[in-house]
Amino acid sequence: MNEPVVSPQLPQASPRWSKKFSWALVLTLSLLSCCGVNVFAVVVPKLESARRSRAELDLKNFRSALKLYRWKMGRFPTTEEGLQSLVDVKALELVPIDPWNRPYGYSNEGGTVELWSLGRDGVRGCESDDLTARAPATP
């Protein structure tokens, strides 16, 4: 009744098989990481290009909405009224933010309407990143 319980012996992996498996795993992980780096190198520049394209399209939509506002109201919105006034007269459904999560800029001073996005760096006056649209403010 009190016989000792003998657990079955599990076969041990041979060291040769273990080394082959380790090298195969290292090789597989190396190849996957190289592929990941290549995908990253291709996708990131396209992402920035897509953001810039979206901002250009938003500015084009703002220009169309400003023309509609001018047609309805006989003038462009003042700087104080800003882009929100385009929503108030139903020229836009909402005022989007730029692809870099900042509000678009708008001014109507000195006879010129100006729209802008600060771009990736968020600094005004940087020619490489800013997207700007200007138009005469006179009807």
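Residues numbered from 1 in each chain as written. Predicted model: local features only at pLDDT ≥ 70, side-chain atom pairs only at ≥ 80, totals over all residues. Heavy atoms only, no water.

**Digging into a nonpolar patch on the surface**
Next, step 1: A surface patch of nonpolar side chains, about 300 Å² in accessible area, is lined by Leu25, Leu29 and Leu32.
Next, step 2: With respect to the secondary-structure elements, Leu25 resides in helix 1 (residues 15-73).
Next, step 3: Classification of Leu25 by relative accessible area gives partly exposed; the value is 43%. (Patch = residues over 30% accessible without salt bridge, like charges linked within 9 Å, V, L, I, M, F, W, Y side chains within 5 Å. Areas by Shrake-Rupley, 256 points an atom, 1.4 Å probe, with all protein chains shown as cover. Salt bridge = Lys/Arg side-chain N within 4 Å of Asp/Glu carboxyl O. Helix = DSSP H or I, 4+ residues; strand = E, 2+ residues; numbered from the N terminus. Buried < 20%, exposed > 50% of the residue type's maximum accessible area, 1.4 Å probe, protein only.)

**Side note on the pattern of salt bridges**
A side chain with one charge can pair with a side chain of the opposite charge if their charged atoms come near.
Next, step 1: Scanning the entire structure with this criterion turns up three salt bridges.
Next, step 2: One salt bridge in this structure joins Arg51 and Glu48, with 3.9 Å as the shortest N-O distance. Of this pair, Arg51 and Glu48 both sit in helix 1, three residues apart, roughly one helical turn.
Next, step 3: Of the residues examined, Arg51 reaches a relative accessible area of 31% and is grouped as partly exposed.
Next, step 4: For Glu48, a relative accessible area of 25% gives the class partly exposed.

**Considering the side chain of Asp58**
Next, step 1: Considering the arrangement of structural elements, one finds Asp58 in helix 1.
Next, step 2: Residue classification places Asp58 among the buried positions, given a relative accessible area of 12%.
Next, step 3: Setting aside its immediate chain neighbours within four residues, Asp58 contacts Pro96, Ile97 and Tyr104. (Contact = heavy atoms within 4.5 Å.)

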